[in-house]
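# Structural description and commentary
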Amino acid sequence: MSQNILEIKDLFVQYSAGKDTVRAVNGINLTLEEGESLGLVGETGAGKTTTALSIMRLIPNPPGKITGGEILYRGENLMEKSEAEMRKIRGHEISMIFQDPMTALNPMLSVGDQIAEVIRLHEKISRADAMRKACAMMEVVGIEGGRAGEYPHQFSGGMKQRIVIAIALACNPSLLIADEPTTALDVTIQAQVLELIEQLKRKFNTSLLLITHDLGVVAEVCSKVAIIYAGEIVEYGTLKHIYENPSHPYTIGLFGSIPNLNETVHRLSPIPGLMPDPTKLPDGCAFEERCSQACEACGKGVMPYVEIEPGHMVRCIKFAGKEC
Amino acid sequence: MSTLVEVKNLKKYFKTPRGLLHAVDDINFKIEKGQTLGVVGESGCGKSTLGRTVIHLHERTSGQILFDGKDVSDLSKHELKEFRSHVQMIFQDPFSSLNPRMSVSQLIAEPLLIYKTSKSSADLGKEVGRLMDTVGLARRFANSYPHELDGGRRQRIGIARALSLNPEFIVCDEPVSALDVSIQAQILNLMQDLQDEFHLTYMFITHNMSVVKHISNNIMIMYLGNMVEFAGAEEIFKNRLHPYTKALLAAVPIPAIIEGRKRQLLTGEITSPIDPKPGCRFAARCPYATDICHAENPQLDEVLEGHFVACHNVKEINQL
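A brief report on the enclosed structure follows. (Residues numbered from 1 in each chain as written. Chains lettered and ligands numbered in written order. Predicted model: local features only at pLDDT ≥ 70, side-chain atom pairs only at ≥ 80, totals over all residues. Heavy atoms only, no water.)

### Focus on the interface of chain B and chain A
With 36 residues of chain B at the interface, the matching set in chain A holds 43 residues. When the two sides are added together, the surface that chain B and chain A hide from each other amounts to roughly 3600 Å², 57% of it contributed by carbon and sulfur. Contact with chain A buries surface across chain B, with B:Pro253, B:Ile257 and B:Arg263 losing the most and accounting together for 19% of the total. At the junction of chain B and chain A, the tally comes to one salt bridge. With its nearest N and O atoms 2.6 Å apart, the salt bridge here joins B:Asp193 to A:Arg267. Summed over the shared surface of chain B and chain A, the result is nine residue pairs in polar contact (both at pLDDT 80 or more). Residue assignment for the side of chain B that touches chain A shows that the elements contributing at least two residues are helix 6 (181–198), helix 7 (209–215), helix 8 (233–238) and helix 9 (243–250) of chain B. For the side of chain B that touches chain A, the leading source of residues is helix 6 of chain B, giving nine residues. (Contact = heavy atoms within 4.5 Å. Buried area = accessible area lost by both parts, 1.4 Å probe. Salt bridge = Lys/Arg side-chain N within 4 Å of Asp/Glu carboxyl O. Polar contact = N/O pair within 3.5 Å; in protein donor to acceptor, adjacent residues only side chain to side chain. Helix = DSSP H or I, 4+ residues; strand = E, 2+ residues; numbered from the N terminus.)

### Things to note about the environment of B:Lys262
Locating B:Lys262 in the fold gives a position in the loop between helix 9 and helix 10 (291–295). For B:Lys262, a relative accessible area of 75% corresponds to the exposed category. (Buried < 20%, exposed > 50% of the residue type's maximum accessible area, 1.4 Å probe, protein only.)

### Structural notes on the sheet that holds strand 4 (residues 62–67) of chain B
In sheet architecture, strand pairing relies on hydrogen bonds along the backbone and comes in two forms, parallel and antiparallel. Residue and element names in this part refer to chain B. Strand order in this open sheet of four strands is 2-1-4-5, and the pairing throughout is antiparallel. Strands with a single pairing partner mark the edges of an open sheet, and in this sheet they are strand 2 (19–32) and strand 5 (70–71). Relative to strand 4, strand 1 (residues 3–16) is paired through five bridges, and the arrangement is antiparallel. Each residue of the ladder has a partner; that of valine 7, found in strand 4, is isoleucine 65. (Pairing = 2+ DSSP bridges.)

### So, the pattern of salt bridges
Residues and elements named next belong to chain A. With the rule as written, the count across this model stands at 22 salt bridges over all chains. Between glutamate 36 and lysine 224 there is a salt bridge; the shortest N-O distance is 2.7 Å. With glutamate 36 in the loop between strand 2 (20–33) and strand 3 (37–41) and lysine 224 in strand 9 (residues 224–229), the pair connects residues that are 188 residues apart, well separated along the chain. Note on lysine 224: relative accessible area 17%, which makes it buried. Each member of the salt-bridge network shares a partner with another, and the members are Arg57, Glu83 and Arg90.

### Observations concerning the sheet that holds strand 2 of chain A
Residues and elements named next belong to chain A. The strand order across the open sheet built from four strands is 2-1-4-5, with neighbouring strands paired in antiparallel fashion. The sheet is open, and its two edges are formed by strand 2 and strand 5 (76–77), each paired on a single side. Bridging between strand 1 (residues 4–17) and strand 2 involves 11 bridges; their strand directions are antiparallel. When the sheet's bridge partners are listed, asparagine 4 is paired in strand 2 with glutamate 33.

### Points about the packing of helix 4 (residues 111–122) of chain A against helix 5 (residues 127–140) of chain A
All names here are of chain A. At a closest axis distance of 8 Å, the pairing of helix 4 and helix 5 adopts a crossing angle of 115°. Between helix 4 and helix 5, the angle is such that the two are roughly perpendicular. Of the two elements, helix 4 crosses helix 5, and the hand of that crossing is right-handed. Along the contact surface, helix 4 presents Val111, Gly112, Asp113, Ile115, Ala116, Ile119 and Arg120, while helix 5 presents Arg127, Ala130, Met131, Lys133, Ala134, Met137 and Met138. (Axes fitted to C-alpha atoms, helices over the stretch in contact; angles between N-to-C directions. Parallel < 35°, antiparallel > 145°, perpendicular 65-115°, else oblique. Left-handed = near helix turned anticlockwise from the far one by under 90°.)

### Some words on the packing of aromatic side chains
Applying the stated criterion to the full structure yields nine aromatic pairs over all chains. Taken together, a centroid distance of 5.2 Å and an interplanar angle of 65° make the contact between B:Tyr244 and B:Phe282 edge-to-face. Pair noted here: B:Tyr244 is in helix 9 and B:Phe282 is in the loop between helix 9 and helix 10, with a separation of 38 residues, a long-range link. B:Tyr244 sits in the buried class, given a relative accessible area of 0%. A connected cluster of aromatic rings, assembled from ring pairs, spans A:Tyr229, A:Tyr250 and A:Phe287. The ring of B:Phe237 is capped by B:Lys213, whose NZ or CZ atom sits 5.7 Å from the centre of that ring. (Phe/Tyr/Trp six-rings, centres within 6.5 Å; stacked < 30°, edge-to-face > 60°. Lys NZ or Arg CZ within 6 Å of the ring centre and 35° of its normal.)

### Describing the side chain of A:Arg90
All names here are of chain A. Tracing the backbone through its elements, the reader meets arginine 90 in the loop between helix 2 (83–89) and strand 6 (94–97). Of the polar contacts made by the side chain of arginine 90, one reaches the backbone oxygen of methionine 56; its length is 2.8 Å. The residues touching arginine 90, leaving out its near neighbours within four places in the chain, are Met56, Arg57, Leu58, Glu83 and His122.

Read these as layout, nothing more, since geometry by itself doesn't imply function.
Written as structure tokens, this is what we have:
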């Protein structure tokens, strides 16, 4: 039995926006085993990035606030850590790859300096040694070490993303959070970056939390999948569970929205409507409004989280043995 | 069926401090009325420049553009305005392509006012309302501003603006790339419905393979300013002949479990489009490149019926 490297229990995050409260994350439970890769899939505003930032304790406060729950990293609650302790964990134990490589890098510093910065923060090492390590790290991600003195604008998008990956991996973190690492990239470059992440994962046995909206990328990289909607996990299971037996109506809708390369459909079957306003989440199931199978019972209370086969969880009343 | 848009030897070069950037280099194609041409390629391959040059948002460097049989390469200012009421564009980013200080109804009314198509303000209001219905935008949003709306609704405004002058030809530059998949599917369905209803002709520019296959009749693959492959949508996915097309399609992640999936990776540096040397521009990354590829430009040949490929070694690679 492998150990859980990360456990999120009943996480609630809210942002205040004037008089309103944005309920971004509403009771998320997730576990990630050592060396495993979990895909967190959802649309814009579903709470994916907020979840990631909560793990790093980087929710901007104010306006954001973690209002409940625990995040256990190797059994220790990150919520109780001091800021100084967190700073030691970030980049060293848990690292994050940010979505947009164009804005994640500092345009005024050479890329070598930016990689060396994180190394010098976490290791007692001379400036010259840190720079040498930074160059070696660049080689690992497939960029000539000799280019360490160049600035971000001198690199292409794919290369910038590799620099961001080099920064994230410079101190061999045990847990890597990748927030849409390939969304800004072209497909041939995306394939290279995914290959790189997988190689490094194998080499360093890093656990991976991959945040994306692309079900194709998840199928290539992850072994477990969690589908997130309006701040809740609506379905969770292994790759096989989700791709061969999608059960939550939202998951089914997501698959129906993607044009398939191997089959020809004349019309797509999109999910009608939009995600509910997170300041006014409805009582009952958040997906009810857009769901074709909704019934009266969906409109009130908390939806049950049902295990429909071992390890395959679905948050839908349909599976709780109630008649609709 | 008749040809609506025909482009012959179109070139668009940009002057840069480092030399001439060959953004679009010698492109030929035709689009039949009511059909969709998908233009696919990665960022920087010149697909947006091509779209913009075809509808005169960029001045072409050389070549010919025929619209409905008429040469529209050199138009006077007055003729250009007339031409532009027949061709429209839907832009990629619904967040930056709409003026944040105009309300939805003002945004949709703008092209109508410029072309003075409505006789009275009551007429104009009616027309705006009709357009909002056409694109599925609830009338209660008429006085909202773009920042109050989500990406899908904003893109619907962009589509309503493009439709307002009853164009025949619309260049769609990555119209769904900024949207979530569930919204993306809604917009794609809308665009197909509008095409059927108004008999529109689309040039659909995208980097998303599954979207382009879904919506196009013909597909053209671009690489660094050149057209490398052109064929019917079904055909190109069945029979990928150019090495770049093969690599591109193999790199698309498929949302399904595929046993023993092997990633095919391209290596090598991307050739610079600034003052390129003769030779195939893909040669530096091509696993099949031979000496001739580095020396001579490949010509676009009809390898199979209706299937054009620009590759010196296409016959050997595909055993044709």
